[in-house]
Amino acid sequence: QVQLVESGGGLVQTGGSLRLSCAASGRTFYSMGWFRQAPGKERAFVATISSSGGSTYYADSVKGRFTISRDNAKNTVYLQMNSLKPEDTAVYYCAASHFETQVRSEMYTYWGQGTQVTVSS
């Protein structure tokens with residue numbers, strides 16, 4: 001069993017930065033991903049990182065602005081978000097998958113409770 005707890009969300013102005021963290025307990029050698037859900041929209045893929053950290057993949061909408069990383073010694077995954085835009089406003093979720101670098105939410109078994117990110121214009 002894996003438990004995931006996100007932190008680091010908040011309110012930021014357009015162009016600002018935030019770093020989200022996802023602390024994992026239990027077995028941690030999973031591929032990890034970040035997803036987001038804006039009001040009235042479906043949950044959408046943001047980024048994923050392989051269990052070793054050697055491979056990453058991003059949604060086109062965040063490529064070049066967001067960076068996913070992980071510290072397996074600390075059982076933590078990060079999402080560095082730069083050049084934030086109002087359209088990045090959403091609840092951000094981290095998730096763990098048995099399969100490497102997945103973009104589909106149904107391939108993720110464990111989910112955190114989410115952290116709100118609000119970008120003001």
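Residues numbered from 1 in each chain as written. Predicted model: local features only at pLDDT ≥ 70, side-chain atom pairs only at ≥ 80, totals over all residues. Heavy atoms only, no water.

Chemist: Explanation requested: the sheet that holds strand S7 (residues 66–71) in the structure shown.
Modeler: Pairing between the strands of a sheet is mediated by backbone hydrogen bonds and can be parallel or antiparallel. What the four strands build is an open sheet, ordered S1-S3-S8-S7; its pairing is antiparallel. In the strand order of this sheet, the two ends are held by strand S1 (2–7) and S7, each with one partner. For this sheet, the mean inter-axis angle between neighbouring strands, taken without regard to orientation, is 15 degrees. Note: S1 against strand S3 (residues 18–26), six bridges, orientation antiparallel. By the bridge assignment, Ser 7 is partnered in S3 with Ser 21. (Pairing = 2+ DSSP bridges. Helix = DSSP H or I, 4+ residues; strand = E, 2+ residues; numbered from the N terminus. Axes fitted to C-alpha atoms, helices over the stretch in contact; angles between N-to-C directions.)

Chemist: Help me out: how do you make sense of the pairing of strand S11 (residues 115–120) in this one?
Modeler: Regular strands place their side chains on alternate faces of the sheet. Alternating residues of S11 divide into Thr 115, Val 117 and Val 119, all buried, and Gln 116, Thr 118 and Ser 120, none buried. With four bridges joining them, strand S2 (residues 10–13) and S11 adopt parallel strand pairing. Residue pairing for S11: Leu 11 is matched across the bridge by Thr 118. Bridge analysis of strand S9 (residues 90–97) against S11 gives three bridges, and the strand direction is antiparallel. Residue pairing in the sheet places Val 91 in a bridge with Gln 116 of S11. (Buried < 20%, exposed > 50% of the residue type's maximum accessible area, 1.4 Å probe, protein only.)

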